[in-house]
Amino acid sequence: MADNKAQENWQPKIVAFVCNWCTYAGADLAGISRIQYPPNVRLVRLPCSGRVNPFYVVKALQEGADGVLVSGCHPGECHYITGNLSARRKFAMLKSFLSYLGIEPDRTIFTWVSASEGEKFAHVIRGVTEKIKALGPAKKLVKSYE
Amino acid sequence: MSIEKRLQEKAVELLSEKKVDVVVGYEAGTLPYQAAPCFIENPDDEGRLVLNPFCSVNLAKYVHDILMAHKASQKRMKPEQRTKKVVGVVARGCTTRSLVIHLQERQYERDQIFIIGVPCRGYVSKKKLAAAAGGKEITACAIINDRLSFTTPDGTKEIPLESVLAESCLSCRYNNPVISDVMVGDPAPPMKPDSEYADVDAFEAMSGEERWNYFAEEMKKCIRCYACRNTCPSCYCKVCFVEQSQPRWVGVSVDESDTQAFQIMRLFHMAGRCVDCGSCVDVCPMGVDLRKFLKKLDKDGYNLFAHRAGEKMEQQPPLSVHSMDDKDEFIYEP
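**Observations regarding the state of the cysteines**
Okay, step 1: On inspection of all chains with the given rule, the structure shows one disulfide over all chains.
Okay, step 2: Paired through a disulfide, C22 of chain A and C73 of chain A show a sulfur-sulfur distance of 2.3 Å. In this structure, the disulfide formed by C22 of chain A and C73 of chain A twists by about 100° around the S-S bond and is classed as right-handed. Taken together, the residues span a long stretch of sequence, with C22 of chain A in the loop between β1 (14–19) and α2 (23–32) and C73 of chain A in the loop between β3 (67–72) and α4 (83–101) at a distance of 51 residues.
Okay, step 3: Judged by its relative accessible area of 8%, C22 of chain A is buried.
Okay, step 4: For C73 of chain A, a relative accessible area of 3% corresponds to the buried category.
Okay, step 5: For the unlinked cysteine C94 of chain B, the closest cysteine sulfur is that of C277 of chain B, found at 5.5 Å.
Okay, step 6: Here C232 of chain B stays unpaired: no disulfide links it, and the sulfur of C235 of chain B, its closest cysteine neighbor, is 4.4 Å away.

**Some remarks on the layout of surface pockets**
Okay, step 1: Within this model, the largest pocket holds a volume of roughly 740 Å³.
Okay, step 2: Looking at side-chain class alone, the lining of the largest pocket contains 18 nonpolar, four polar and seven charged residues.
Okay, step 3: What lines the second largest pocket is a set of 20 residues, among which P54 and K90 of chain A together with F268, H269 and L319 of chain B lie closest to the centre.
Okay, step 4: When contributions to the lining of the second largest pocket are tallied by element, the ones reaching two or more residues are α3 (54–62) and α4 of chain A together with α9 (256–268) of chain B.
Okay, step 5: Partitioning the lining of the second largest pocket into residue classes produces 12 nonpolar, five polar and three charged.

**Here's the deal with empty space enclosed by the protein**
All names here are of chain B.
Okay, step 1: If you walk through the whole model with that rule in mind, you get five cavities of 30 Å³ or more.
Okay, step 2: Estimates place the volume of the largest cavity at around 210 Å³.
Okay, step 3: Taken together, 24 residues form the lining of the largest cavity, with S168, C172, R173, V275 and D276 sitting closest to its centre.
Okay, step 4: For the lining of the largest cavity, the secondary-structure elements that each account for two or more residues are α3 (93–104), α5 (167–170) and α11 (291–305).
Okay, step 5: In terms of residues, the lining of the largest cavity owes the most to one element, α3, which gives three residues.
Okay, step 6: Taken together, the residues of the lining of the largest cavity sort by class into 10 nonpolar, five polar and nine charged.
Okay, step 7: The calculated volume of the second largest cavity comes to roughly 140 Å³.
Okay, step 8: Looking at the second largest cavity, it is lined by 18 residues, and the ones nearest its centre are C274, D276, C277, G278 and C280.
Okay, step 9: Elements represented by at least two residues in the lining of the second largest cavity include exactly α10 (279–283) and α11.
Okay, step 10: Classifying every residue of the lining of the second largest cavity gives nine nonpolar, five polar and four charged.

**Thoughts on the nonpolar core**
Okay, step 1: Counting residues in each nonpolar core, the largest one holds 61 residues, and the members touching the most others are F17 of chain A together with F241 and F293 of chain B.
Okay, step 2: For this core, the leading source of residues is α4 of chain A, giving nine residues.
Okay, step 3: Ignoring any residue separated from it by four or fewer positions in sequence, one finds F241 of chain B in contact with F55 of chain A together with W249, V250, F262, M265, R266 and H269 of chain B.

**Things to note about the interface of chain A and chain B**
By a widely used convention, the size of an interface equals the accessible area lost when the partners come together.
Okay, step 1: Counting residues at the interface gives 43 residues for chain A and 48 residues for chain B.
Okay, step 2: Overall, the association of chain A and chain B removes approximately 4000 Å² of surface from exposure, summing both partners, and the carbon and sulfur fraction of that is 70%.
Okay, step 3: When residues of chain A are sorted by the area they lose upon contact with chain B, R89, M93 and Y100 of chain A head the list and together hold 24% of the total.
Okay, step 4: Linking chain A to chain B there are five salt bridges.

**Some remarks on the environment of A271 of chain B**
Okay, step 1: Topologically, A271 of chain B is positioned in the loop between α9 and α10.
Okay, step 2: Setting aside chain neighbours within four positions, we find A271 of chain B in contact with M93 of chain A together with L297 and L319 of chain B.

Cut-offs and rules
Residues numbered from 1 in each chain as written. Chains lettered and ligands numbered in written order. Predicted model: local features only at pLDDT ≥ 70, side-chain atom pairs only at ≥ 80, totals over all residues. Heavy atoms only, no water. Disulfide = S-S within 2.5 Å. Helix = DSSP H or I, 4+ residues; strand = E, 2+ residues; numbered from the N terminus. Buried < 20%, exposed > 50% of the residue type's maximum accessible area, 1.4 Å probe, protein only. 1 Å grid on protein atoms, 1.4 Å probe; cavity = no way out; pocket = protein on both sides within 12 Å on 5 of 7 lines; lining within 4 Å. Points joined across faces, edges and corners; volume = space filled by probe spheres on them. Nonpolar A, V, L, I, M, F, W, Y, C, P; charged D, E, K, R; others polar. Core = buried A, V, L, I, M, F, W, Y, C linked by side-chain atoms within 4.5 Å. Contact = heavy atoms within 4.5 Å. Buried area = accessible area lost by both parts, 1.4 Å probe. Salt bridge = Lys/Arg side-chain N within 4 Å of Asp/Glu carboxyl O.

Structure (structure tokens):
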């Protein structure tokens, strides 16, 4: 009974690694434009999406995140010229590899949001939250602290 | 003249002409079905060198170790007293590919290594051999052409050599050196590279739950001895992430997820860098099926970026370069 109730009120925890120059500014714009989006996402600001070590994603999943979102500048618009391009290669392999191991593909999501796309940022967060809610709580690779 | 004899002569020639300071090769191990790495510095020791299907370990690891130790020792020297060390290495196809990766990653210069290329027809998997012997102690072992005979307390048995070759050798694409300074022996006939991804394809056809259960079961075997990391030529970080403590990356508790996270990250570090030499599988004391996961990275590297690790000097590792036209179907666009 208590379990069912917990299930009913379950809200996903989503960790978002966002780049300082585009997506973080996009999130800021969504905020100052007072666009509503689900509060399930925790933003971690990084200099660039290229700064995201694949281990951050794995570690977040292990530490109990139900989903991980990585977002940076659109290709060709990176503040560091090509940081997001090298990130794209890393993530292509990481996502494919984690899916191969059996972790649901929707747990790790990669996208691009620019600084002017406040509405798109809110839309992405809505979409991601929806996807993770459909999957339910993460069970694989999660560390238990009991 | 046997290839072993020619190899020994070559080693003597290189050492006495002072072309190399040390030759890294294989010597007979302490067990009849083993070969151990050996380091020949004196031309008189050349008789120790052997070359047979029991030579399993990838020697590129030792080349890297020697050259890094030498580099560290030179730091304390005055510039005019510094010396150059040249390492000769007996290299099969997979070893040369590992050397190419080291060179691409600027670990040492091309003139610091002298590659004695040898053809390879696969090495014997100790686990398959132990299974063939039914777990009994093998007291003698010999290879004649394509047959392997071994003696256990139950008697002598003869089996086809191919039945005990390592999985990575059976579907090897590069059983002849991709680069070499000198080639000893004639090129070996090709193996069966067309079936190299058969294992991965079969695994991909399973459901996500089944795949995860398989992975979790395999990882339960892992005792985190780090033998796979220690033997891997591509694992050469000065401080490995598993030993970093500030911050501590991977927990060391008995929780299964710690081992899983360790393995996921070690495997992922091999993206575009694994040459499928099978050393990690060979040394694993628990028989974890690492190859199934490593081969997937190899397959992705080829499918996404048309790259095979260590194939060509000119081709940069897939995660070191990028292009505007890279595939991006996986990017989420709501």
